[in-house]
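Tertiary structure, described
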Amino acid sequence: MGRKKGVILSYILMVFEVLSTLLLTPFIIRSFGQAEYGVYKLVASVVAYLALLDLGIGNSVIRFTAKYHQEGDGENLSRFFGVAQIYYVIIGIVALAVGVVLTIIFPYVFAKGLTNEEIVLGQKLLFIVSLNTAVTLMTAVFTNTIIGLGYFAVSKGASIIQIVIRIVVTYIALALGYKSIAVVTINLVTTIGCKLFFVIFVFAKLKLKPKLRGVNKGFIFSVIGYSSWILLQMIATQINAFADQVLLGILVPGASMVIAVYGVGAQVVQYFQSIGGAIGGVLFPGVVSLVGKGADSAALENEMIRIGRISLIVLLAIWGGFILYGRQFIALWAGAEYEDAYLVALILMTAHLFIQVESIGTQILWAKNEHKEQAILKFAIVLVNIVLTILLIRWNALFGATIGTFISLILGDVFVMNLVFKRKIGIGLWSYYKGLLRGILLAFLITMAAGFLFS
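The structure reproduced in this document is the subject of the present report. (Residues numbered from 1 in each chain as written. Predicted model: local features only at pLDDT ≥ 70, side-chain atom pairs only at ≥ 80, totals over all residues. Heavy atoms only, no water.)

Let's shift gears to the overall build of the protein. Helix and strand content of the protein: 18 helices and zero strands. Here the protein holds 455 residues, and 54% of them are scored as buried. In the protein, 86% of the contacts between residues at least 6 apart in sequence involve partners at least 24 apart. Summing over all exposed atoms, the protein offers an accessible surface of approximately 19800 Å²; the carbon and sulfur share of this is 71%. (Helix = DSSP H or I, 4+ residues; strand = E, 2+ residues; numbered from the N terminus. Buried < 20%, exposed > 50% of the residue type's maximum accessible area, 1.4 Å probe, protein only. Contact = heavy atoms within 4.5 Å. Areas by Shrake-Rupley, 256 points an atom, 1.4 Å probe, with all protein chains shown as cover.)

Encoded structure:
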């Protein structure tokens, strides 16, 4: 029941997240103007790399918290919580320091792509967003501990309230004529409020106290060993997600306009990813339990098919609808000048359709601690993305960057991952796809034909 409740709350949170950006983005675009919106998206892309300072420990917190809670081992849970808490405070400080450095060097890195006014604005935005990231990292242990212990109502409920407050206050600020500085400041204040609630809940309600006595080096090294390969995957994912916008800002003159169009397409893809990945964090503690009970390859394959089919039904409906009506949606939502964002979104959504459906396989690899090979292969493919994007930008700035990322995602997160699943989990690819697509593919094709006739 806990998993079902968590999944339901995750989708409710996802609906609020998607609706908040769906409702706010057109207002933001029209309030900012295309150039300021491009700078806003560029800064978000740069700061996103600060999340890599998590170093994969966030996933470890959920995994080990769920493990010790299931075993009733309160002593090791308190020790792990203490070590993680110290770590996150340190990296939060490091993130803020890195943000300050990025703010200082920002004019030199983006001198070719931005005007002087855009550079000054970018520096201000960069500092505030870096501070937001530092707060998030400093308190991440509390957020992940709550998830690992199964308090999904607390985690998701507080996040929903944060989103609602942010929407209301942002609308008021934009209506009063404030722009990007106000928007990122509101995000910072609401983040502080939400994270402070999580801290109070863990200490006051759960009464979980950190302990450092009795922590042995072997335990710390095991956590580092587990997390380091997740870090490599995080780096690969972040590069694929934001490299295009950063490279456009560095290499393309007058890049703010191109980044703005790409940013609209990328925003749609983020909605798509949010819908596909809404249940991932909720399911992970259960996957840890399943693996811990010694589930064989057949049981793990059935779990992948069962969850994958649910994701596939939802995502195919969205993907198919976007194929038919996405161009009109972009024009109405963002404006006719952003119409090229339709192809950007469609190309990247196609790759993420496969990635999201198979994401439970990655959860299984993490739970089995068999993710080393996956991390190395994904990172190698991401390097291909950088090279392809740089080359293809010379052909066409917007679509060259998009196609380079698409190729990288298909190679690294689909083809390579299928081979890893077969090797590490024992998944039969033919039986997996047969079970995944049974009945769904035919229904999708009929629906698309009907949709095409109606359109």
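Okay, back to it.
Once that is clear, we can look at helix α4 (residues 74-109). Under the 1.5 Å per step criterion, the end-to-end length of α4 is 49 Å for 36 residues, consistent within 8% with the ideal 52 Å. Of all the bends in α4, the largest measures some 35° and sits at T103, one to four residues before the proline P107. (Expected span 1.5 Å × (residues − 1). Bend = angle between axes of the 7 residues up to and from the residue.)

Inspection of the entire model under this criterion finds one salt bridge. A salt bridge links E339 to R327, with the shortest nitrogen-to-oxygen separation between them at 3.5 Å. Of the two residues, E339 is situated in the loop between α12 (297-333) and α13 (341-357) and R327 in helix α12; the sequence distance between them amounts to 12 residues. Judged by its relative accessible area of 31%, E339 falls in the partly exposed class. On the basis of relative accessible area, R327 is assigned to the partly exposed category, the value being 35%. (Salt bridge = Lys/Arg side-chain N within 4 Å of Asp/Glu carboxyl O.)

Interaxial distance between α12 and helix α17 (residues 429-437) falls to 9 Å at its minimum, and their mutual angle equals 35°. Considering the relative orientation of α12 and α17, their crossing is right-handed. In this structure, α12 uses E301, M304, I305, G308, R309 and L312 to contact α17, whose residues at the interface are S431, Y432, G435, L436 and L437. When its residues are assigned to classes, the contact of α12 with α17 shows six nonpolar, three polar and two charged. (Axes fitted to C-alpha atoms, helices over the stretch in contact; angles between N-to-C directions. Left-handed = near helix turned anticlockwise from the far one by under 90°. Nonpolar A, V, L, I, M, F, W, Y, C, P; charged D, E, K, R; others polar.)

Now for α17. Think of an α-helix as 3.6 residues a turn; residues three or four steps apart then line up on the same face. Along α17, the positions that sit buried rather than exposed are Y432, G435 and L436. All buried residues of α17 fall inside an arc of 100° around its axis, so they share one side. Opposite the packed face of α17, turned more than 90 degrees from it, sit the exposed residues W430 and K434. Packed against the buried residues of α17 are α12, α13 and α18 (440-454). Downstream of α17 by a residue or two, G439 has a phi angle that is positive, lying close to 80°. (Arc of directions from axis to C-beta.)

With that settled, consider the packing of aromatic side chains. Counting across every chain of the model gives 16 aromatic pairs. Measuring from ring centre to ring centre gives 5.7 Å for F81 and F142, while their planes differ by 80°; the resulting arrangement is edge-to-face. Here F142 lies in helix α6 (residues 140-148) and F81 lies in helix α4, a separation of 61 residues in the sequence. Residue F81 shares its accessibility class with F142, and that shared class is buried. An aromatic cluster is present here, built from Y151, F197, F198 and F201 joined pairwise through their rings. (Phe/Tyr/Trp six-rings, centres within 6.5 Å; stacked < 30°, edge-to-face > 60°.)

This part takes up a nonpolar patch on the surface. Side chains of I8, I12, F16, I161, V164, I165, V168, V169, I172, L176 and Y178 sit close together on the surface and give an oily, nonpolar patch of about 990 Å² of accessible area. Elements represented by at least two residues in the nonpolar patch include exactly α1 (2-32) and α7 (152-175). Broken down by element, the nonpolar patch gets its largest block of residues, six residues, from α7. Within the fold, F16 resides in helix α1. (Patch = residues over 30% accessible without salt bridge, like charges linked within 9 Å, V, L, I, M, F, W, Y side chains within 5 Å.)

With 95 residues, the main nonpolar core has Y37, V264, I330 and Y338 as its most contacted residues. Not counting residues up to four positions away in its chain, the partners in contact with Y37 are T25, I28, I29, F32, A260, G263, V264, Q267 and Y338. In terms of nonpolar packing, the next biggest core, distinct from the first, is built from 27 residues, V61, A84, I91 and L206 among them. (Core = buried A, V, L, I, M, F, W, Y, C linked by side-chain atoms within 4.5 Å.)

You can see Q245 is positioned in helix α9 (residues 217-251). According to the relative accessible area criterion, Q245 is buried, its value standing at 3%. Between the alpha carbons of Q245 and L398 there is a distance of 9.5 Å; along the sequence they are 153 residues apart. Excluding its chain neighbours within four sequence positions, the residues that come into contact with Q245 are K41, L42, S45, I259, Y262, G263 and A266.

So, about the side chain of T170. Along the polypeptide, T170 turns up in helix α7. Beyond its immediate stretch of four places on either side in the chain, T170 contacts L24, V183 and I186.

Packing of α12 against α18 leaves a shortest axis separation of 10 Å and a crossing angle of 20°. The pairing of α12 with α18 is recorded here as roughly parallel in orientation. Of the two possible hands of crossing, α12 and α18 adopt the one that is right-handed. From α12, R309, L312, I313, L316, W319, G320, I323, L324 and Y325 reach across to α18, where they touch I440, F444, M448, G451, F452 and F454. Of the residues contributing to the contact of α12 with α18, the split by class is 12 nonpolar, two polar and one charged. (Parallel < 35°, antiparallel > 145°, perpendicular 65-115°, else oblique.)

Turning to the environment of Q273, a few remarks are in order. Assignment of secondary structure puts Q273 in helix α10 (residues 255-277). Given the relative accessible area of 28%, Q273 is considered partly exposed. Taking the C-alpha atoms as reference, Q273 lies 7.0 Å from H352; in sequence the two are 79 residues apart. Those residues in contact with Q273 that lie beyond four places of it in its chain are H352 and Q356.

These results come straight from atomic positions and should not be treated as a statement about function.
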